[in-house]
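This is what each chain is made of:
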Amino acid sequence: MTTAQERADLLGKIGLDIQNKAALGRVLGTGSIGQATERADGQMEATIRIRPDELSFDPSILVMPHGGDIQLELINDDQNTHCALLPSNGDRKFIWLVNHSRGRATLNLDGPGYYWYSSPTGNDEGRGLTGAIVVLGDVPPEARLDRPDQPRP
């Protein structure tokens, strides 16, 4: 959990506090921000919670230092049933989270950018149960457009 100032400092350090620096800018204005940890085998891991009566993912922005595989543990501490529809190359992952339950998902997010996820049951999305996974890094040379170098911030 981060305080408002810690969140602002971390957003600045990672480059998410201005548009076009790490692509996301200030789109998600509420919730906390977290960073995935990298294990010795190169796979990343993180835990995302749904806290009681908050109807938000914690962290609401998860930052991966580079593309690759990430194992998420999702925990529903709320007294209501929710789910998670998660991005992953090849096919999205769906996890049903009854009240006070947990689930695991392994995702492959190999390119830089931001990936949205949410709980599409009921009106969870409309009430704010959405989040983003931000993958830092540059596009590999073979995927870049054939154009002159652009100025970087």
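Our subject is the structure that appears above.
Every value quoted in this text rests on a predicted model; they were computed, and no experiment measured them. (Residues numbered from 1 in each chain as written. Predicted model: local features only at pLDDT ≥ 70, side-chain atom pairs only at ≥ 80, totals over all residues. Heavy atoms only, no water.)

**Some details on the side chain of Asn-76**
Link 1 in the chain: Assignment of secondary structure puts Asn-76 in strand β6 (residues 68–76).
Link 2 in the chain: At 3.0 Å, the side chain of Asn-76 forms a polar contact with the backbone oxygen of Leu-97.
Link 3 in the chain: Once you skip the residues sitting within four places of it in the chain, Asn-76 turns out to touch Ile-50, Thr-81, His-82, Leu-97, Val-98, Asn-99, His-100 and Ser-101. (Helix = DSSP H or I, 4+ residues; strand = E, 2+ residues; numbered from the N terminus. Polar contact = N/O pair within 3.5 Å; in protein donor to acceptor, adjacent residues only side chain to side chain. Contact = heavy atoms within 4.5 Å.)

**A word on the side chain of Asp-78**
Link 1 in the chain: With respect to the element layout, Asp-78 can be found in the loop between β6 and β7 (82–86).
Link 2 in the chain: A distance of 2.8 Å separates a polar atom in the side chain of Asp-78 from a polar atom in the side chain of His-82.
Link 3 in the chain: The residues contacting Asp-78, other than those within four sequence positions of it, are Ile-50, Arg-51, Pro-52, Asp-53, Asn-99 and His-100.

**Re the packing of aromatic side chains**
Link 1 in the chain: Overall, the coordinates contain 3 aromatic pairs when judged by the stated rule.
Link 2 in the chain: Ring centres of Phe-57 and Tyr-117 lie 4.8 Å apart, and the angle between their planes is 55 degrees; on these two criteria the pair is classed as tilted. Separated by 60 residues along the polypeptide, Phe-57 in strand β4 (residues 57–58) and Tyr-117 in strand β10 (residues 113–118) bring together distant segments of the chain. Here Phe-57 and Tyr-117 have matching classes, each one buried.
Link 3 in the chain: Between Tyr-114 and Trp-116, the ring centres sit 5.4 Å apart and the planes meet at 85 degrees, which makes this aromatic pair edge-to-face. (Phe/Tyr/Trp six-rings, centres within 6.5 Å; stacked < 30°, edge-to-face > 60°. Buried < 20%, exposed > 50% of the residue type's maximum accessible area, 1.4 Å probe, protein only.)

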